[in-house]
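Examining the three-dimensional arrangement
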Number of protein chains: 2
Amino acid sequence: MATIEDVAKFAGLSRTTVSRVINDQPYVSEDKRVRVEDAMKALGYVPNSSARRLRSQKTETIAVLLPRITNPFFNHLIESMEMKASEWGYQVIICQTHNLPDKERDYLELLRKKQVDGIIMTSLENEWEVVEEYLQSGPIVLCNENVSTAPVPVVHIDQEKAAYEATIHLIENGASEIAFLQGGHDSYVFRDREKGFLKALNERGISPIETELFSSAVDVKSGRELFHQIQAHYPSINGVFAGSDEMAAGFIYEAVKAGVKVPEDILVIGFDNQAISMLMNPSITTIEQPFQKMAGRCVELLVQQVEQGYNLKHEEHVFPHRLQSRVSTSRQTNLVPL
Amino acid sequence: MATIEDVAKFAGLSRTTVSRVINDQPYVSEDKRVRVEDAMKALGYVPNSSARRLRSQKTETIAVLLPRITNPFFNHLIESMEMKASEWGYQVIICQTHNLPDKERDYLELLRKKQVDGIIMTSLENEWEVVEEYLQSGPIVLCNENVSTAPVPVVHIDQEKAAYEATIHLIENGASEIAFLQGGHDSYVFRDREKGFLKALNERGISPIETELFSSAVDVKSGRELFHQIQAHYPSINGVFAGSDEMAAGFIYEAVKAGVKVPEDILVIGFDNQAISMLMNPSITTIEQPFQKMAGRCVELLVQQVEQGYNLKHEEHVFPHRLQSRVSTSRQTNLVPL
DNA sequence: TTGTAGGCGTTATCAA
DNA sequence: TTGATAACGCCTACAA
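None of the values given here were measured: they were computed from a predicted structure. (Residues numbered from 1 in each chain as written. Chains lettered and ligands numbered in written order. Predicted model: local features only at pLDDT ≥ 70, side-chain atom pairs only at ≥ 80, totals over all residues. Heavy atoms only, no water.)

Focus: the overall build of chain A
Stated precisely, the cut-off is as follows: A helix here means a DSSP run of H or I that spans at least four residues, while a strand means a run of E at least two residues long, and both kinds are numbered starting from the N terminus. Note that the radius of gyration is over C-alpha atoms, with the globule rule given as 2.2 Å times the number of residues to the power 0.38. Under the scheme applied here, a residue whose accessible area is under 20% of the maximum for its type counts as buried, over 50% as exposed, and between as partly exposed, the area being computed with a 1.4 Å probe on protein chains only. Only heavy atoms matter for contacts: two residues are in contact if any of them lie within 4.5 Å across the pair. Under the convention used here, a 1.4 Å probe and the Shrake-Rupley method define accessible areas, while residue burial counts only the protein chains that appear. The sign given to each residue is positive for Lys and Arg and negative for Asp and Glu; His and the chain ends receive no count. Every charge is mapped onto a representative atom, which is NZ of Lys, CZ of Arg, CG of Asp or CD of Glu.
Each helix and strand in chain A was counted, giving 13 helices and eleven strands. Here chain A has a C-alpha radius of gyration of 26 Å; the compact-globule value for 338 residues is 20 Å, and the former is much larger. Summarising its shape, the C-alpha atoms of chain A cover approximately 85 × 45 × 30 Å along the three principal directions. The 338 residues of chain A split such that 57% are buried. The long-range fraction of contacts in chain A, counting pairs at least 24 apart against all pairs at least 6 apart in sequence, stands at 70%. When the accessible area of chain A is evaluated, it comes to approximately 14,300 Å², of which 48% is carbon and sulfur surface. Positive and negative side-chain charges in chain A, numbering 34 and 46 respectively, have mean positions lying 7 Å apart.

Structural notes on the UniProt feature "domain: HTH lacI-type" (unreviewed entry) in chain A
Filter applied, for reference: UniProt positions are given in the numbering used here, feature names are shortened, and annotations may be inferred rather than shown by experiment.
UniProt's feature table lists "domain: HTH lacI-type" (unreviewed entry) at residues 2–56 of chain A, given in the numbering used throughout. For the annotated span residues 2–56 of chain A, helix accounts for 69% and strand for 0% of the residues, and the straight-line distance between the end C-alpha atoms is 20 Å.

A few points about the protein's contact with DNA strand D
Basically, it comes down to this: One heavy atom suffices: a residue is near a molecule or strand as soon as one of its heavy atoms comes within 4 Å of it. Under this definition, polar contacts are N or O atom pairs within 3.5 Å; protein pairs additionally need one hydrogen-donor-capable and one acceptor-capable atom, and for neighbouring residues in sequence, both atoms have to be side-chain atoms.
Around DNA strand D, the surrounding shell holds 26 residues, and the nearest of these are Thr 17 and Ser 29 of chain A together with Ile 4, Tyr 45 and Arg 55 of chain B. Each atom of DNA strand D within 4 Å of the protein belongs either to a base or to sugar and phosphate, the latter forming 56%. Side-chain polar atom of Arg 20 of chain A to a base oxygen of DNA strand D: 2.8 Å apart, as the coordinates give it. Contacts to DNA strand D include Ser 29 of chain A, whose side-chain N or O atom sits 2.6 Å from a phosphate oxygen. If you tally residues by element for the surface near DNA strand D, the top one is helix α2 (residues 15–22) of chain A, at four residues.

Description of the protein's contact with DNA strand C
Counted only if it meets this: Throughout this entry, Asp, Glu, Lys and Arg are counted as charged residues, while Ala, Val, Leu, Ile, Met, Phe, Trp, Tyr, Cys and Pro are counted as nonpolar. The remaining residues, Gly among them, count as polar.
In the vicinity of DNA strand C there are 27 residues, among which Ile 4 and Arg 55 of chain A together with Thr 16, Ser 29 and Lys 32 of chain B approach most closely. Close to the protein, within 4 Å, the atoms of DNA strand C are drawn from sugar and phosphate at a rate of 56%. At 2.8 Å from a phosphate oxygen of DNA strand C is found a side-chain nitrogen or oxygen belonging to Arg 52 of chain A. Arg 55 of chain B is positioned with one of its side-chain polar atoms (N or O) 3.0 Å from a base nitrogen of DNA strand C. When contributions to the surface near DNA strand C are tallied by element, the ones reaching two or more residues are α2 and α4 (49–56) of chain A together with α2 (15–22) and α4 (49–56) of chain B. Per element, the largest residue contribution to the surface near DNA strand C is four residues, and it comes from α2 of chain B. By residue class, the composition of the surface near DNA strand C is nine nonpolar, eleven polar and seven charged.

As for the domain arrangement of chain A
Put simply, the rule reads: Residue ranges for the domains originate in an automatic or database domain assignment.
Split into domains, chain A comes out as domain 1 (4–56), domain 2 (61–156 + 291–319) and domain 3 (159–288). Inter-centroid distance (C-alpha atoms) of domain 1 of chain A to domain 3 of chain A is 61 Å.

Some words on helix α10 (residues 220–233) of chain A
Note the threshold: An expected span of 1.5 Å times one less than the residue number is assigned to each helix. For this quantity, the arc is that covered by the directions from the helix axis to the C-beta atoms.
Compared with the 20 Å implied by 1.5 Å per residue over 14 residues, the 20 Å span of α10 of chain A between its first and last C-alpha is a close match. Taken residue by residue, α10 of chain A has Val 220, Ser 222, Gly 223, Leu 226, Phe 227 and Ile 230 of chain A as its buried positions. Each buried residue of α10 of chain A lies within a common arc of 150 degrees when the element is viewed along its axis, so the set occupies one face. More than 90 degrees from the buried face of α10 of chain A, the exposed residues found are Lys 221, Ala 232 and His 233 of chain A. Close packing links the buried residues of α10 of chain A with β6 (178–181) and α11 (245–257) of chain A together with α12 (275–279) of chain B.

Description of the sheet that holds strand β7 (residues 239–242) of chain B
Residue and element names in this part refer to chain B. Convention followed: A pair of strands is treated as paired once DSSP finds two or more bridges between them. Only C-alpha atoms enter the line fits that serve as axes; for helices the fit covers just the stretch in contact. Angles between N-to-C directions range over 0 to 180 degrees.
With parallel pairing, three strands are arranged side by side in an open sheet as β6-β7-β8. Strands with a single pairing partner mark the edges of an open sheet, and in this sheet they are β6 (178–181) and β8 (267–269). Averaged over neighbouring strand pairs, the angle between their axes works out to 15 degrees when direction is ignored. Bridge count for β6 against β7 is four bridges, and the pairing is parallel. Its bridge partner lying in β7, Phe 180 is registered against Phe 241. Seen against the sheet, helix α11 (residues 245–258) touches β6, β7 and β8 and runs at an angle of roughly 155 degrees to β8.

Focus: the sheet that holds strand β7 (residues 239–242) of chain A
All names here are of chain A. The three strands are arranged β6-β7-β8 in an open sheet whose pairing can be described as parallel. Here the strands that pair on one side only, and so sit at the sheet edges, are β6 and β8 (267–269). Strand-to-strand, the axes of this sheet are offset by a mean angle of 15 degrees, without reference to chain direction. Packing of helix α9 (residues 188–203) onto the sheet brings it into contact with β6 and β7, and relative to β6 it is tilted by some 170 degrees. Where α11 meets the sheet, it contacts β6, β7 and β8, and its direction lies at approximately 155 degrees from that of β8.

A closer look at the pattern of salt bridges
Residues and elements named next belong to chain A. Cut-off, in case you're wondering: We define a salt bridge as a contact between a side-chain nitrogen of Lys or Arg and a carboxyl oxygen of Asp or Glu at a distance within 4 Å.
A complete count under the given rule lists 27 salt bridges over all chains for this structure. Its salt-bridge partner being Asp 102, residue Arg 105 comes within 2.6 Å of it at the nearest N-O pair. With a gap of three residues between them, Arg 105 and Asp 102 both fall in helix α6 (residues 101–112), about one helical turn apart. The network of salt bridges with shared partners includes Lys 84, Glu 87 and Glu 300.

Quick look at the structure:
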């Protein structure tokens with residue numbers, strides 16, 4: 001591969017001049033500029049990114065940490081993040097933690113090794129204190145998980161309020177005994193949503209049921225399993241708050257199979273307004289999050305910190321959510337005809 | 001940030017010795033090794049990845065090109081690719097082309113800039129000749145798209161055979177007039193599947209209908225739109241071959257809404273055996289691809305070429321597919337009870 | 001077993 | 001307007 005040196009020789013000029021042309025710098029006469037450009041073309045020269053990185057101490061790469069990319073919530077986020085990063089000339093490294101703290105730390109190490117300029121975390125597997133160490137090596141932005149003590153920008157919806165509204169919606173449509181199905185026992189999202197859930201129950205004089213049983217729920221599979229557990233252990237439950245549309249879909253799938261009617265026998269609400277929530281029959285009421293805007297903001301905040309420096313302060317960026325009402329919580333009989 | 005020089009000074013040794021310790025090389029006495037390790041710990045030293053890259057001419061990073069990450073087909077592939085790459089100590093850069101040839105070329109440039117060691121392409125937006133140029137800069141593996149003239153490893157199922165079997169399945173379950181809904185008019189996947197589709201029709205004495213209309217189909221949205229177009233222009237169609245489960249789901253969603261019965265009035269088959277195909281009501285018959293194995297193989301092939309060199313030869317890795325029969329093509333009345 | 005020194009390909013500083 | 005030279009941080013002949 002041709003180097004800047006080769007180009008310089010070929011053009012009969014110095015590396016410096018070639019470098020100036022490459023970087024569109026002033027103080028290059030027109031004829032030299034042309035000679036350099038011809039030489040570059042002739043040799044098929046492309047600047048070596050490793051050398052640039054070493055010299056500039058920048059990688060123009062960011063890492064996005066998430067549990068797994070097949071989860072629609074996360075792949076929608078990262079889709080927009082990659083697009084926005086690309087606009088800014090940054091690459092995105094995809095880092096699946098599979099909810100393992102060790103894996104998360106491995107990926108955080110990318111920051112210390114200077115393999116990336118910054119990191120966006122869309123989930124949190126270690127205690128915040130562990131993560132905080134890495135701020136010495138570069139900026140971090142939190143997406144979704146709102147750690148109120150973290151001296152970094154956090155981008156999220158008001159999870160507590162959303163869960164509160166979802167629960168009130170269930171109650172007002174007739175639910176009197178409600179299960180809270182939400183994965184990530186120790187996540188901040190979990191805690192915030194649980195707060196909102198309990199607040200709604202409390203306000204309406206409904207006593208919460210033991211939810212330990214349901215706290216490992218994340219995907220279609222767990223939604224299916226939980227249907228059967230609820231049938232077996234809590235047959236009187238007539239409302240379900242599911243932390244994701246996939247979980248709600250899995251739950252409803254089994255309910256339909258078992259002849260339990262949604263919403264007649266049991267109301268179900270999901271989260272995220274994914275395609276599946278519209279496609280299911282019955283369609284699923286859900287909470288919509290503005291993925292694209294949130295993802296875009298995360299990247300902007302991170303790139304800004306990378307390029308203009310960062311100071312350690314907590315800074316909340318709260319985005320609006322929206323309840324999308326559909327058949328799964330509608331006691332009026334406006335069902336989609338089969 | 002501490003450099004190898006700092007560590008050397010701190011330990012009262014040379015850079016060389018420190019380097020030897022870092023890289024687990026022989027010829028370091030135990031006491032020096034300990035002194036170096038202590039120094040590294042004391043200074044919080046981490047080797048700088050940019051410097052290593054420049055020195056070693058390796059990045060331990062690969063790029064995966066795909067249209068968009070929210071498409072389940074592609075996010076399932078990349079999920080497994082990232083895991084396998086991680087096992088091998090490689091990072092994965094995610095490159096969404098959004099089906100734009102220019103974007104694809106931009107990402108291929110990563111190879112020329114030496115920003116990645118190799119590339120996996122799961123779709124193809126430029127003519128192969130354009131892509132072939134980049135083989136001068138590093139290895140490429142094709143996943144899914146089988147370009148028979150490409151001197152690279154290609155990993156895929158037998159698309160023609162799969163489409164043939166799907167079509168026969170439709171016919172044997174009663175379809176006599178079939179629409180071929182498949183996106184990517186000029187893709188190799190499209191051509192191969194179309195071949196299988198036409199072969200089946202031909203064998204059973206069914207004449208194909210004009211398919212131009214349906215060739216932009218990829219996602220839920222287009223599935224929905226195509227239902228209405230077919231209702232309007234080809235009301236006698238009673239079988240649908242959809243190139244993805246999402247498309248099939250969108251089609252069925254509108255059919256159900258319009259009171260058209262699947263499978264009684266029209267048979268539908270999807271592709272990929274995604275979660276949605278099981279969850280829909282009626283559930284969708286589909287073709288399963290072994291994503292995980294294919295993705296793993298792609299990464300192995302690429303890493304092998306990166307580390308052991310590559311020669312330009314075409315090499316096919318064909319994986320088995322499987323038809324998963326469900327309600328959407330079943331004329332027997334074993335319907336899931338509503 | 002340890003250390004010296006050169007170079008990977010760029011860019012920035014300084015002098016001409 | 002141009003060019004010589006010194007880093008960036010690491011690894012590896014080669015010498016000791």
